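If you want the building blocks of each chain, they are given just below.
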Amino acid sequence: MTGDRIALAVHDHGGDGPPLLLLHGAGRTLADWAAVAPLLVARHRVLAVDLRGHGLSPSGPWKLPEVLGDIEDVLKEYGIPDALPVGHSLGGMLAVLYALEHPGVTPGAVNLDGFGWGRPDQYVGLDPDDVSQHLAEVRELSAAGPGRELPADGLKNLLAEQRAMSDRLGIPYELLEAGVLRAVRERDDGVLELRPGREEGQQMRSAMDSLDLFDLFRRTTAPLLLGRARRPVPSVPGLEWFDAMMAAYAEGLARDLAALAAERDDVTVTEIDATHAMLLENPRAVAGAILGFTSPRGSSQAS
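Residues numbered from 1 in each chain as written. Predicted model: local features only at pLDDT ≥ 70, side-chain atom pairs only at ≥ 80, totals over all residues. Heavy atoms only, no water.

Undergrad: Explain the environment of Leu225 here, please?
TA: Take Leu225: it is sitting in strand S9 (residues 224-229). C-alpha of Leu225 to C-alpha of Gly17: the two residues are 208 residues apart in sequence and 19 Å apart in space. The residues touching Leu225, leaving out its near neighbours within four places in the chain, are Ala109, Val110, Asn111, Thr268, Thr270, Ala289, Ile290 and Phe293. (Helix = DSSP H or I, 4+ residues; strand = E, 2+ residues; numbered from the N terminus. Contact = heavy atoms within 4.5 Å.)

Undergrad: How should the pairing of strand S5 (residues 109-112) be read in this particular structure?
TA: Every other side chain in a regular strand lies on the same face of the sheet, so the side chains alternate between the two faces. Across the two faces of S5 the burial is the same, with Ala109 and Asn111 and Val110 and Leu112 all buried. With three bridges connecting them, strand S4 (residues 84-88) and S5 associate as parallel partners. When the bridges of S5 are listed, Val86 appears paired with Val110. As a crossover connection, the stretch from S4 through helix H2 (residues 90-101) into S5 is right-handed. Sheet analysis places S5 next to S9, joined by four bridges and oriented parallel. Within S9, the residue paired with Asn111 across the bridge is Leu226. (Buried < 20%, exposed > 50% of the residue type's maximum accessible area, 1.4 Å probe, protein only. Pairing = 2+ DSSP bridges. Right-handed = clockwise from strand over helix to strand, strands pointing away.)

Undergrad: How should the packing of aromatic side chains be read in this particular structure?
TA: Aromatic ring pairs: the centre-centre distance and the angle between the two ring planes describe each pair. Tallying each qualifying case throughout the model produces four aromatic pairs. With a centroid separation of 6.2 Å and 85 degrees between ring planes, the pair formed by Phe115 and Phe217 is classed as edge-to-face. Taken together, the positions of Phe115 in the loop between S5 and helix H3 (128-142) and Phe217 in helix H7 (residues 213-219) put the pair 102 residues apart, joining distant regions of the chain. Take Phe115 and Phe217: they sit in the same class, and that class is buried. Plain terms: the ring middles of Tyr123 and Tyr249 are 4.8 Å apart, the flat faces sit at 15 degrees to each other, and that makes the pair stacked. With Tyr123 in the loop between S5 and H3 and Tyr249 in helix H8 (residues 242-263), this pair connects stretches of sequence that are 126 residues apart. Residue classification places Tyr249 among the buried positions, given a relative accessible area of 7%. What links up through ring pairs into an aromatic cluster is the set Phe115, Phe214 and Phe217. Directly above the aromatic system of Tyr173 lies the positively charged group of Arg163, at a separation of 3.7 Å from the ring centroid. (Phe/Tyr/Trp six-rings, centres within 6.5 Å; stacked < 30°, edge-to-face > 60°. Lys NZ or Arg CZ within 6 Å of the ring centre and 35° of its normal.)

Written out as structure tokens, the structure is:
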């Protein structure tokens, strides 16, 4: 660690051409990119990282300036300060932030379904007050993930859940297993827990919720690729209103992204035929969208 920055765990996928830095989502790891990265290396140098507090990277206070500093240090260390940040979910938000803060150096940003829960007014046809109340419930549920302790047989049960998910969604089990094993750590007291830790997770969620994403999109002058999941997120047991609310959000998000693309010739909006778990469900579509954006025909940036 140097000051408030952390030396991140990096997987160098190799390859030639303009560099890409792959950033994963909240509570995930660089293992999520395992099926996508090999499809990019024919045209790009590709690195993937575990963000601070995730995977094999060290822990530290989860504040946006420090997280972006970690990313900057990786690019300096590998001699690729002009890498294109490509992120999924939280990683997509960070990719746009990084491009915004490094104008003239970072050639653009790719944000794959990194739109958070949006604003209450984006839920078309629903009362904003009702939406705010439901979002508070969703956030409370999601807050239980970081730092979750696993009982003696918890890892076995967690892997069994991944096996069931593999069968249900058609995701290769080995991809899900690798992500889980990289996200679990044994604490000094011998207890297994899911990373990031609870305090880091709370800081991370607060940082995400503080972002006005469409303001960031409009202030970023570099070319942007904004990819949206075409298929809805799976239902949440016990939340009977969840599916209708997500459908309303999908409609509002599509509307607002289309308006943004109409304003800016250098903003590309695309749909990925997958749910939010697109990196695992449809890596070819994800890679195709990225390569289309980085090609001379797909973007004004150099490729």
